[in-house]
Amino acid sequence: MSGKTFYIETFGCQMNAHDSEKVVGTLLAEGYEQVPTPEQAELVLYNTCSIRDKAEQKVFSRLQNFKREAGKGKVFGVLGCVAQQEGEKIFDRAPHVSLVAGSASYTRLGEMLVQLENGNRRVTGLSLDTEETFDTPFTRRDNPHRAYITIIEGCDKSCAYCVVPFTRGPERSRTSASVMAEARGLAGRGYTEIQLLGQNVNSYRDPSPAGWDFATLLANVAEVPGIRRVRYTTSHPRDFGKSIVDAMEANPVICDHVHLPVQSGSSRVLASMDRLYTRDEYMRRIEWLKTARRPYSITTDIIVGFPGETESDFAQTLDLLDEVQYDSLFSFKYSPRPNTAALAMQDPIPDDEKQRRLSVLQEKQRAIQIRRNAEMIGAIKEVLVEGRNQALGQWIGRTSDNRTLNFTHPASNGHSLIGQYLSVRVTRSGPNSLVGEAI
Ligand code: SAM
Ligand code: SF4
């Protein structure tokens, strides 16, 4: 590859977004130049998601657009979860692809690039037996103020619907020393917000003799001088211990927000999903947050139409929404995935019924959000300024409780406020965001 230009498109979760930042950093360090369109690039990479069938189909439709480019000097690579899941079958489905690599193999990225440069037509990185995490000195972060840090990779749970244990491999935690060094380094370079990432951050276990658990790591990252906000995602309710709430209560640098995916309000469905907690056990965690000294925003993930979900199970999920009063949620129709236990379960729900349940759920949640956001009117909230909406003449801010708060600032006079922390009075609200004025 002469000019060594590359293009990368990322699908899916924050873990994938952060993996792409590491891939980009590694490629830049190898002398590649990033270009904004696939047409301009010699190396075209798709970092893929296979959590639901729709996500998986996207990458094949992208590849389809470039079928005629085969043999014309463009090299195509499929990275991430679809790569891990489909493996060499991708070469059959899209013969112009030359690289197929799952996230557990990115430590070998440099070596794989050399093979591609030497004209190797079929390079794979599909091993899952790595003990390593993808730690690279070359991460190229997209945001100059907020940085992701991976603390744990893979997942050892076996939720009946989920491909992640197959696509990201077993759990591997980073040492606390390496996480702390990265956090201090980021603070030194001017980052003020850190987001700790993992499929299940709560089961973090420091592999070094220090032996920190997640609550200890969270507390220590929040103590790093210069860091003003710490967030974390995702939590598994079974491993979400009281010590995590205690760490949050002890230090307001840890944001007022917990994402605690419940999936269903029915203990029967939770058991069939193999989620390892009942509704009551989940509600105990919610109680810790509701009775805490500061108010926490709670958000969740819900799957509707899991095999065997009855009308009464679904009604229990709707009832859970009333009980918890989430500030936001991600909701999905169940999508059958390869290798998962749920594939063998009887009683599939027809798609139109899944769609109906999804709409009912979303409508209910929308009403809850309209009411909860309206309660914020008059409050003064601190925002980190993340952007500017030129058309509306508003700055885009994010609150500690993870709400978007768009605001006007009469005195900014064209100066960028991005990256600053400001106090904003909330004046209006909608279902998904707030509007206010800087004070
Ligand atoms: N590790 C996290 C957890 O345990 O909650 C999240 C993993 S996944 C990337 C994010 C969400 O996708 C899940 O919480 C679940 O709601 C949804 N999801 C996963 N597999 C799914 C499937 N087969 N069909 C529909 N939604 C799914
Ligand atoms: Fe998937 Fe369950 Fe692991 Fe989350 S905890 S990644 S839903 S298997």
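Everything below is about the structure printed above this text.
Residues numbered from 1 in each chain as written. Chains lettered and ligands numbered in written order. Predicted model: local features only at pLDDT ≥ 70, side-chain atom pairs only at ≥ 80, totals over all residues. Heavy atoms only, no water.

Attention now moves to the overall build of the chain. The secondary structure content of the chain amounts to 13 helices and 19 strands. A compact globule built from 439 residues should have a C-alpha radius of gyration of about 22 Å, and the chain, at 23 Å, falls within 12% of that. Principal-axis analysis of the C-alpha atoms places the extent of the chain at approximately 60 × 60 × 50 Å. In the chain, buried positions account for 56% of the 439 residues. In the structure as shown, the chain presents an accessible area of about 18,700 Å², 50% of it carried by carbon and sulfur atoms. One way to put it: in the chain the 53 positive side-chain charges average out to a point 4 Å from where the 54 negative ones average out. (Helix = DSSP H or I, 4+ residues; strand = E, 2+ residues; numbered from the N terminus. Rg over C-alpha atoms; globule rule 2.2 N^0.38 Å. Buried < 20%, exposed > 50% of the residue type's maximum accessible area, 1.4 Å probe, protein only. Areas by Shrake-Rupley, 256 points an atom, 1.4 Å probe, with all protein chains shown as cover. Lys, Arg positive; Asp, Glu negative; His and termini not counted. Charge placed at Lys NZ, Arg CZ, Asp CG, Glu CD.)

Under the criterion given, the structure shown has seven aromatic pairs. Residues Phe66 and Phe76 carry aromatic rings whose centres are separated by 5.5 Å and whose planes lie at 40 degrees to one another, so their mutual orientation is tilted. Remark: Phe76 occurs in strand β4 (residues 75–80) and Phe66 occurs in the loop between α2 (53–64) and β4; sequence separation between them is 10 residues. An aromatic cluster is defined as three or more aromatic residues linked by ring pairs; in this entry it consists of Tyr161, Phe306 and Tyr334. (Phe/Tyr/Trp six-rings, centres within 6.5 Å; stacked < 30°, edge-to-face > 60°.)

Of all residues adjacent to ligand 1, which total 15 residues, the nearest are Tyr161, Gln199, Gln263, Asp301 and Ser335. Within the side chain of Gln263, an N or O atom sits 2.7 Å from an oxygen atom of ligand 1. Interatomic distance of 2.6 Å between a side-chain N/O atom of Asp301 and an oxygen atom of ligand 1. Relative to its free-state accessible area of 560 Å², ligand 1 is covered by the protein chains to the extent of 91%. Of all the elements in the fold, those that place two or more residues in the shell around ligand 1 are β13 (297–304) and β14 (328–333). Residue composition of the shell around ligand 1, by class: six nonpolar, four polar and five charged. (Near = heavy atom within 4 Å. Polar contact = N/O pair within 3.5 Å; in protein donor to acceptor, adjacent residues only side chain to side chain. Nonpolar A, V, L, I, M, F, W, Y, C, P; charged D, E, K, R; others polar.)

The next subject is the sheet that holds β13. An order of β12-β13-β14 is seen for the three strands of this open sheet, with the pairing classed as parallel. Here the strands that pair on one side only, and so sit at the sheet edges, are β12 (257–259) and β14. The mean inter-strand angle of the sheet, taken between neighbouring strand axes irrespective of direction, is 10 degrees. With six bridges joining them, β13 and β14 adopt parallel strand pairing. Bridging across to β14, Thr300 finds its partner in Leu329. (Pairing = 2+ DSSP bridges. Axes fitted to C-alpha atoms, helices over the stretch in contact; angles between N-to-C directions.)

On a regular strand, one side chain projects to one face of the sheet and the next to the other, so that they alternate. A large share of strand β1 (residues 5–10) lies buried, amounting to five of its six residues. Relative to strand β2 (residues 33–34), β1 is paired through two bridges, and the arrangement is parallel. Across the sheet, Phe6 pairs through a bridge with Gln34, a residue of β2. Considered for its hand, the β-α-β crossover made up of β1, helix α1 (residues 14–29) and β2 is right-handed. (Right-handed = clockwise from strand over helix to strand, strands pointing away.)

One open sheet accounts for three strands, arranged β7-β10-β11; its pairing is parallel. Either end of the sheet is taken by a strand with one partner, and the two such strands are β7 (146–150) and β11 (229–233). In this sheet, neighbouring strand axes are inclined to one another by 20 degrees on average, regardless of whether the strands run parallel or antiparallel. Direction of pairing for β7 relative to strand β10 (residues 193–197): parallel, over a ladder of five bridges.

Turning next to the site of ligand 2. Surveying the vicinity of ligand 2 reveals the residues Cys155, Lys157, Cys159, Tyr161, Cys162, Val164, Pro165, Gln199, His236 and Arg275. The residue inventory of the shell around ligand 2, partitioned by class, reads six nonpolar, two polar and two charged.

Our next topic: the nonpolar core. Grouped together as the largest cluster of nonpolar side chains are 55 residues, with contacts concentrated most on Ile151, Leu196, Phe214, Leu218, Val221, Tyr232 and Tyr326. The element that contributes the greatest number of residues to this core is helix α8 (residues 214–222), accounting for six residues. Aside from chain neighbours lying at most four places away, what touches Tyr326 is Val262, Tyr282, Ile298, Thr299, Thr300, Leu320, Leu321, Gln365, Ile368, Gln369 and Arg372. Counting 21 residues, the second-largest nonpolar core is a separate cluster that includes Tyr7, Phe11, Phe60 and Ala94. (Core = buried A, V, L, I, M, F, W, Y, C linked by side-chain atoms within 4.5 Å. Contact = heavy atoms within 4.5 Å.)

With eight of eight residues buried, β13 is to be regarded as a mostly interior element. Burial along β13 is two-sided: Ser297, Thr299, Asp301 and Ile303 and Ile298, Thr300, Ile302 and Val304, pointing in opposite directions, are all buried. For β12 and β13, the ladder comprises three bridges, and the chain directions are parallel. Bridge pairing in β13 places Val258 opposite Ile298. For the crossover that starts at β13, traverses helix α12 (residues 311–324) and ends in the parallel β14, the hand is right-handed.

A word on the layout of surface pockets. Volume-wise, the second largest pocket comes out at about 230 Å³. Taken together, 15 residues make up the lining of the second largest pocket; nearest its centre are Pro295, Tyr296, Ser297, Arg372 and Met376. Elements that contribute at least two residues to the lining of the second largest pocket include exactly α11 (279–290) and β13. In terms of residue class, the lining of the second largest pocket is made up of six nonpolar, one polar and eight charged. (1 Å grid on protein atoms, 1.4 Å probe; cavity = no way out; pocket = protein on both sides within 12 Å on 5 of 7 lines; lining within 4 Å. Points joined across faces, edges and corners; volume = space filled by probe spheres on them.)

Looking now at helix α5 (residues 109–117). Owing to its 3.6 residues per turn, the α-helix brings residues three or four apart onto one side. When α5 is considered as a whole, its buried residues turn out to be Leu109, Met112, Leu113 and Leu116. All buried residues of α5 fall inside an arc of 105 degrees around its axis, so they share one side. Among the structural elements, α1, β3 (43–48), β4, β5 (97–101) and β6 (123–125) are those in contact with the buried residues of α5. Backbone geometry just after α5 places Gly119 at a positive phi near 90 degrees. (Arc of directions from axis to C-beta.)

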